[in-house]
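Letter by letter, the chains look like this.
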Amino acid sequence: MSDMGSSDTPSTDNTSAANTMWGGRFAAGPDAIMEAINASIGFDQRMARQDIEGSRAHAAMLAAVGIVKPSDAEVIREGLLTVLSEIEGGTFAFSAALEDIHMNVEARLKEVVGAPAGRLHTARSRNDQVATDFKLWVREQIDAAIGGIEALQRALLGQAEAGADWVMPGFTHLQTAQPVTWGHHMMAYVEMLGRDASRFRDARARMNESPLGAAALAGTSFPIDRDMTAQALGFDRPAANSLDAVSDRDFALEFLSAASICAMHLSRFAEELVIWSSAQFRFVVLSDRFSTGSSIMPQKKNPDAAELIRAKVGRIFGANVALMMVMKGLPLAYSKDVQEDKEQVFDAADNLMLALAAMEGMVRDMAANVPSLEAAAASGFSTATDLADWLVRTLDMPFRDAHHVTGSLVKLAEDKGCDLPDLSLADMQSVHGDITDAVFDVLGVHNSVASRTSYGGTSPVRVREQVARWRVRLG
């Protein structure tokens, strides 16, 4: 994946070791250590399809502008399909001596079609070739990530619609704050994931420029048509600066950044599922498909899938930091350091897709324990704010005074060992004489959530509106 050899010169005999691929500059091949540190075929073979797709587009362009004969281009294009079928069929013999996927494909192409294969590398370098392959691969991963996010959103919408009326505690500082609906809580993650998908779409739009034709770093003297190859590969346009085109890895960093934020959101939800499925909370029951047992404690049902999702953010965020460190000190244009980009991105993409799929499965399968949710929602003086709001609306009390009165009533209930709705009217009037029995209409948790009708609020009406909006948006 380096710029060894001229981008404007057909490659030489490619049936022997890597030094032969480089041409006559090197008299001796690399020793075992150099081969081990230099070769990338162990991981970049994942880009075989993208490499062949890019080469087929390049060959067609070379013929269209008269650089190679149409007959040679057609032989090359058909031969590349033969090589791809061998790779996909598992019969292709990858060679570390040939360093990378590009050289492996080119060497096999020569075995398949003979001399015309030597014309394929005209007017390009491995530098623009690998940048193109990697962009194509990352672009596909972005599309896959968006698909995984939307599948999870649909699972959450199902939970939200089913539980639009179920009440549960809303927390701040992991302390009971106010009652909310189950549907409202699920929709919070729909919104988070919507932002994740938006970030991936933004990154995709920004990266969709073709490096192909930038050659090693300076462009080429051949009369190539970069618009033709860009269009053939689904790019919006060719990259405008050849130095930038071969050295840019912003697209990979943006993918990792978006993946890190998405994984963080999944980790937050996973943490809640771990807590909610515990015997102390009993808010949800996770399916057996996403739980494991204990080797020694037969009663255990462990939320291992959620715990593993919670850990994935470490790997994905680590990949982001690692690639940042690779890129931070590189002068223009290409340096071999950039070969260290792919393993990080491959691993992050694999783990993000696995986490999304596992979370979707857990959400679809999980069953809310509605009685436990409602009991918890009514505990911890969760309707204290409703009481304060009632004092403001009904008694025209300044909110700070209402806050003080409500605090006194909470203290009274705490001393009596009961919750606010369990206080008698006399108890309440002992704190403020103007309170009437109408106050009890706002103290139930269902009354509380039903009253939160402001846009974005937790009321069942608002939850159903948001579910409907997202169903239209997701199609």
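The text that follows walks through the structure, step by step, so that each part is easy to find. Treat the numbers as computed from the prediction; the structure is a model and nothing was measured. (Residues numbered from 1 in each chain as written. Predicted model: local features only at pLDDT ≥ 70, side-chain atom pairs only at ≥ 80, totals over all residues. Heavy atoms only, no water.)

1. Quick word on the overall build of the protein
Part 1: Scanning the protein from N- to C-terminus turns up 19 helices and 6 strands.
Part 2: The C-alpha radius of gyration computed for the protein amounts to 31 Å, which surpasses the reference 23 Å derived for 475 residues by more than 25%, pointing to a less compact arrangement than a globule.
Part 3: Out of the 475 residues belonging to the protein, those deemed buried represent 51%.
Part 4: For the protein, contacts bridging at least 24 residues in sequence account for 75% of all contacts bridging at least 6.
Part 5: If you sum the accessible surface of the protein, you get close to 20900 Å²; carbon and sulfur atoms cover 54% of it.
Part 6: Side chains of the protein give 44 positive and 62 negative charges; the mean places of these two sets differ by 2 Å. (Helix = DSSP H or I, 4+ residues; strand = E, 2+ residues; numbered from the N terminus. Rg over C-alpha atoms; globule rule 2.2 N^0.38 Å. Buried < 20%, exposed > 50% of the residue type's maximum accessible area, 1.4 Å probe, protein only. Contact = heavy atoms within 4.5 Å. Areas by Shrake-Rupley, 256 points an atom, 1.4 Å probe, with all protein chains shown as cover. Lys, Arg positive; Asp, Glu negative; His and termini not counted. Charge placed at Lys NZ, Arg CZ, Asp CG, Glu CD.)

2. Observations regarding the pairing of strand β2 (residues 175–181)
Part 1: Where strand β1 (residues 167–172) and β2 come together, 6 bridges link them in antiparallel fashion. Paired with Pro169 across the two strands is Pro179, which belongs to β2.
Part 2: Hairpin geometry of β1 and β2 is characterised by an intervening segment of 2 residues between the two adjacent antiparallel strands and by a positive phi of about 60° at His173. (Pairing = 2+ DSSP bridges.)

3. Focus: the packing of aromatic side chains
Part 1: Tallied over the full model, the rule gives 12 aromatic pairs.
Part 2: Between Phe200 and Phe255, the ring centres sit 5.8 Å apart and the planes meet at 50°, which makes this aromatic pair tilted. Placement of the pair is Phe200 in helix α8 (residues 182–207) and Phe255 in helix α11 (residues 250–276), with a sequence separation of 55 residues. Like Phe255, Phe200 is buried.
Part 3: Through pairs of rings, three or more aromatic residues link up here, namely Trp166, Phe171, Trp182, Tyr189, Phe269, Trp276, Phe281 and Phe283.
Part 4: Sitting over the ring of Phe346, Arg46 keeps its end group 4.8 Å from the ring centre.
Part 5: Over the aromatic face of Phe235 sits the side chain of Arg139, whose NZ or CZ is 4.9 Å from the ring centroid. (Phe/Tyr/Trp six-rings, centres within 6.5 Å; stacked < 30°, edge-to-face > 60°. Lys NZ or Arg CZ within 6 Å of the ring centre and 35° of its normal.)

4. Here's the deal with the nonpolar core
If you look at soluble globular proteins, the nonpolar side chains tend to sit buried side by side.
Part 1: One finds Phe200, Phe269, Trp276 and Met359 to be the most contacted residues of the largest nonpolar core, which totals 78 residues.
Part 2: For this core, the elements supplying multiple residues, two or more each, are α7 (126–162), α8, α11, α12 (304–327), α13 (342–365), α14 (370–377) and α19 (460–474).
Part 3: A per-element tally of this core places α11 first, with 16 residues.
Part 4: Leaving out residues up to four positions away in the same chain, Phe200 has contacts with Ile142, Ala145, Ile146, Ile149, Phe255, Ala258, Ala259, Cys262 and Leu352. (Core = buried A, V, L, I, M, F, W, Y, C linked by side-chain atoms within 4.5 Å.)

5. Here we look at empty space enclosed by the protein
Part 1: According to the stated counting rule, one finds 1 cavity of 30 Å³ or more in the structure shown.
Part 2: Listed by contribution, the elements that provide at least two residues to the lining of the largest cavity are α7, α8 and α11.
Part 3: The biggest single contributor to the lining of the largest cavity is α11, with 3 residues.
Part 4: When its residues are assigned to classes, the lining of the largest cavity shows 7 nonpolar, 1 polar and no charged. (1 Å grid on protein atoms, 1.4 Å probe; cavity = no way out; pocket = protein on both sides within 12 Å on 5 of 7 lines; lining within 4 Å. Points joined across faces, edges and corners; volume = space filled by probe spheres on them. Nonpolar A, V, L, I, M, F, W, Y, C, P; charged D, E, K, R; others polar.)

6. Observations concerning the environment of Leu256
Part 1: Position of Leu256 relative to the elements: it lies in helix α11.
Part 2: Between the alpha carbons of Leu256 and Met324 there is a distance of 9.9 Å; along the sequence they are 68 residues apart.

7. Examining the packing of α7 against α8
Part 1: α8 packs onto α7 with a crossing angle of 165° between their chain directions and a minimal axis gap of 9 Å. By the angle class used here, α7 and α8 are roughly antiparallel. The element α7 and its partner α8 pack so that their crossing is left-handed.
Part 2: Broken down by class, the residue content of the contact of α7 with α8 amounts to 19 nonpolar, 4 polar and 7 charged. (Axes fitted to C-alpha atoms, helices over the stretch in contact; angles between N-to-C directions. Parallel < 35°, antiparallel > 145°, perpendicular 65-115°, else oblique. Left-handed = near helix turned anticlockwise from the far one by under 90°.)

8. Topic: helix α4 (residues 48–64)
Part 1: For α4, which comprises 17 residues, the first-to-last C-alpha distance of 24 Å matches the rise-based estimate of 24 Å (1.5 Å per residue) to within 8%.
Part 2: When you tally the buried positions in α4, you get 13 out of 17 residues, the bulk of the element.
Part 3: One or two residues past the end of α4 sits Gly66, with phi positive at roughly 85°. (Expected span 1.5 Å × (residues − 1).)

9. A look at the side chain of His265
Part 1: Along the chain, His265 falls in helix α11.
Part 2: Under the relative-accessibility criterion, His265 is labelled buried at 6%.
Part 3: Within polar-contact distance, the side chain of His265 engages the side chain of Asp196 at 2.8 Å.
Part 4: In this structure, His265 is in contact with Tyr189, Met192, Arg195, Asp196 and Arg199, ignoring residues within four places of it in sequence. (Polar contact = N/O pair within 3.5 Å; in protein donor to acceptor, adjacent residues only side chain to side chain.)

10. Let's talk about a nonpolar patch on the surface
Part 1: A cluster of nonpolar side chains, Leu217, Leu243 and Leu332, forms an exposed patch at the surface whose accessible area comes to about 260 Å².
Part 2: Along the polypeptide, Leu332 turns up in the loop between α12 and α13. (Patch = residues over 30% accessible without salt bridge, like charges linked within 9 Å, V, L, I, M, F, W, Y side chains within 5 Å. Salt bridge = Lys/Arg side-chain N within 4 Å of Asp/Glu carboxyl O.)

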